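Spelled out, the chains give:
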Amino acid sequence: MSVPLTLLGLLEREPSHGYDLKRDYDTYFGRGKPLRYSQVYATLSRLTRDGKAVPGPVEQGAGPERRRYAITDAGVADVEEWLSEPVPPEPDLQSELFAKVVLSLMLDRPAGRYLDLQRAAHLQRMRELTGLASGGDPLDMLLADHALFRLEADLRWIDHTAARLALLTKAVRR
């Protein structure tokens, strides 16, 4: 996920303080991985430096000084371009799961046991996500469905690989 472009998108919606951007990012996009305040302000600094956002005047009030940031035309153009480009299809061919299976086979380690452990971990995560998906919040449901479908694909691969371990063992030990 591109944090700078996501923050720019939030700024396009409305000018905001760093605190508000963090809250909105965490609410919509940061499930399980919220942004640190330092990351928000460092990103806003870079966006300002690059002409994508501009800070407003310091606003006085209770608490620390705050600035409301607004997106520039250049920032809007970047968001528009980003939203119009497809995300590269995942996963790529450099999977840690794949690497662990192949190395287990090469090193005569129990690849089947590893696949069983990985299957159990995937199933546990799927149970957690199913709970999230049944919570009623449409955004949670959409996000959980995305993750569940990816885990289902991994499980199909795990089962397919487990069924072919003898053939794969011969292939990697030539």
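Structural data are supplied above this passage.
Residues numbered from 1 in each chain as written. Predicted model: local features only at pLDDT ≥ 70, side-chain atom pairs only at ≥ 80, totals over all residues. Heavy atoms only, no water.

Draft legend 1. View of the overall build of the chain. Tallying secondary structure elements over the chain gives 8 helices and 3 strands in all. A buried classification covers 30% of the 174 residues belonging to the chain. Nonlocal contacts in the chain, meaning residues at least 24 apart in sequence, comprise 53% of its contacts between residues at least 6 apart. (Helix = DSSP H or I, 4+ residues; strand = E, 2+ residues; numbered from the N terminus. Buried < 20%, exposed > 50% of the residue type's maximum accessible area, 1.4 Å probe, protein only. Contact = heavy atoms within 4.5 Å.)

Draft legend 2. How the structure looks around the packing of aromatic side chains. Counted according to the given criterion, the structure contains 3 aromatic pairs. Ring centres of Tyr19 and Tyr37 lie 6.1 Å apart, and the angle between their planes is 10°; on these two criteria the pair is classed as stacked. Taken together, the residues span a long stretch of sequence, with Tyr19 in helix H2 (residues 18–28) and Tyr37 in helix H3 (residues 37–49) at a distance of 18 residues. Aromatic pair Tyr25 and Phe29: ring centres 5.8 Å apart, planes at 55°, arrangement tilted. Judged by its relative accessible area of 37%, Phe29 falls in the partly exposed class. (Phe/Tyr/Trp six-rings, centres within 6.5 Å; stacked < 30°, edge-to-face > 60°.)

Draft legend 3. View of the packing of helix H5 (residues 96–106) against helix H7 (residues 138–163). The interhelical angle for the contact between H5 and H7, taken along N-to-C directions, is 15°, at an axis separation of 12 Å. When the axis of H5 is compared with that of H7, the two are roughly parallel. Classified by chirality, the crossing of H7 by H5 is right-handed. Contacts between H5 and H7 involve Leu97, Phe98 and Val101 from the first element and Asp154, Trp157, Ile158 and Thr161 from the second. Residues belonging to the contact of H5 with H7 are distributed by class as follows: 5 nonpolar, 1 polar and 1 charged. (Axes fitted to C-alpha atoms, helices over the stretch in contact; angles between N-to-C directions. Parallel < 35°, antiparallel > 145°, perpendicular 65-115°, else oblique. Left-handed = near helix turned anticlockwise from the far one by under 90°. Nonpolar A, V, L, I, M, F, W, Y, C, P; charged D, E, K, R; others polar.)

Draft legend 4. Highlighting the nonpolar core. Leu7, Leu8, Leu11, Leu21, Tyr25, Leu35 and Leu44 are the most contacted members of the largest nonpolar core, which has 16 residues in total. For this core, the secondary-structure elements that each account for two or more residues are helix H1 (3–13), H2, H3 and strand S3 (66–71). Sorting elements by how many residues they give to this core places H1 first, with 6 residues. With near-sequence residues (within four places) excluded, Leu8 lies in contact with Leu47, Lys52, Ile71, Gly75 and Val79. Counting residues in each nonpolar core, the second largest holds 15 residues, with Val101, Ala111, Tyr114 and Leu115 among its members. (Core = buried A, V, L, I, M, F, W, Y, C linked by side-chain atoms within 4.5 Å.)

Draft legend 5. Molecular detail of helix H6 (residues 111–133). In this model H6 runs 32 Å from its N-terminal to its C-terminal C-alpha over 23 residues, within 8% of the 33 Å that 1.5 Å per residue would give. Turning to H6, its buried residues number three or more, namely Ala111, Tyr114, Leu115, Gln118, Arg119, His122, Met126, Leu129 and Ala133. Turning to H6, the residues buried within the fold contact H5, H7 and helix H8 (165–172). (Expected span 1.5 Å × (residues − 1).)

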